[in-house]
Structures are given as C-alpha cells and as structure tokens.
Amino acid sequence: MSDFLTQFGEDLKKNVPGFIAVSVAEIASGMSYYSQSVVADFDPELASAYNLEVVKAKMNAIKALNLQGQVVDNIMITLSSQMHIIDVSDNQQYFIYLAVDSTKANLGMTKSILNKYKKEIATKL
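Analysis parameters
- Residues numbered from 1 in each chain as written.
- Predicted model: local features only at pLDDT ≥ 70, side-chain atom pairs only at ≥ 80, totals over all residues.
- Heavy atoms only, no water.
- Phe/Tyr/Trp six-rings, centres within 6.5 Å; stacked < 30°, edge-to-face > 60°.
- Helix = DSSP H or I, 4+ residues; strand = E, 2+ residues; numbered from the N terminus.
- Buried < 20%, exposed > 50% of the residue type's maximum accessible area, 1.4 Å probe, protein only.
- Axes fitted to C-alpha atoms, helices over the stretch in contact; angles between N-to-C directions.
- Parallel < 35°, antiparallel > 145°, perpendicular 65-115°, else oblique.
- Contact = heavy atoms within 4.5 Å.
- Nonpolar A, V, L, I, M, F, W, Y, C, P; charged D, E, K, R; others polar.

- As recorded in an unreviewed UniProt entry, the chain goes by Roadblock/LAMTOR2 domain-containing protein and comes from Flavobacterium fluviale.

1. A word on the packing of aromatic side chains
Turning to step 1, where the next piece is worked out: Tallied over the entire structure, the rule returns four aromatic pairs.
Turning to step 2, where the next piece is worked out: Arranged with centres 6.3 Å apart and planes meeting at 70°, the rings of Phe8 and Tyr34 form a pair that is edge-to-face. Highlighted residues: Phe8 in helix H1 (residues 2–15) and Tyr34 in strand E2 (residues 32–37), separated in sequence by 26 residues. Accessibility assignment for this pair places Phe8 and Tyr34 in one class, buried.
Turning to step 3, where the next piece is worked out: Seen from their ring centres, Phe8 and Tyr117 are 4.9 Å apart, and the 70° between their planes marks the pair as edge-to-face. Here Tyr117 lies in helix H3 (residues 107–124) and Phe8 lies in helix H1, a separation of 109 residues in the sequence. Residues Phe8 and Tyr117 agree in their burial class; the two are buried.
Turning to step 4, where the next piece is worked out: Aromatic ring contacts, followed pair by pair, group Phe4, Phe8, Tyr34 and Tyr117 into a single cluster.

2. A short note on the packing of H1 against H3
Turning to step 1, where the next piece is worked out: Between H1 and H3, the shortest axis-to-axis distance is 11 Å and the interhelical angle comes to 175°. As the angle between them shows, H1 and H3 are arranged roughly antiparallel. Counting all contacts with H1, which are made through Phe4, Gln7, Phe8, Asp11, Leu12 and Asn15, the residues of H3 involved are Met109, Ile113, Leu114, Lys116, Tyr117, Glu120, Ile121 and Lys124.
Turning to step 2, where the next piece is worked out: Classifying every residue of the contact of H1 with H3 gives eight nonpolar, two polar and four charged.

Okay, structure coming up:
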C-alpha cells in the first residue's frame, strides 16, 4: 500500500502543474493514509480533515434529497489563486484532496490523473 501511495504522490508532484499539496483520507474515520506538500506551511492532513466535513455534508444532502443512484464524484473549490479538488473513490470510502496553484494548473490533465488513481485507491487501500 505505501509503495502505491508513494508512487501516487510522486506522480502528482511531477505531472500536475502548480502542485501544492495532496492527501488521501478515509471518509468513515477521517484517517489520512498519505500526505505531501511542497509548501512548508500548508498542512494537507489538516486541510483534508476540514474537507472531510464538506464530503460528508454533500453525501448527507444527496440522502436528504433522495437522489437515488447518485454519488459524489468530485468537488472543486476555487479560491482566488488556488483550486482545491476533492475526488471521491469509486467505492465512496476514500477521497483524494489536492491543492494546486490555479495560475499554473491544467484542470483537464489534473482530473485525468486523479481519475486514474481514484479507481486504484478503491481496490488498493
């Protein structure tokens, strides 16, 4: 598992323009399995802990609205100079939290890389 997550983090850092930080966390417990940041004062584990509440709130909204068959795929939060992407695994048990510099990021490439890994996360964690 750790080899997979280490490779995942290095792949993001190398291939995602504007990479700032990433964390992989379990939705049920909030436990972070992996985190990495290229900015010293950016704590991806803390960020994913707060964003866990966003994921849970959206999952609860889907239930409350009785949107049967609907699941959270991803959530994107755009700040003035950053994009924060929350990508939920196919089995709805884990999420990837990724922060990127919006002036450097290529959203299409970033989402393509995340889609590849979120499928693997569901089977490898």
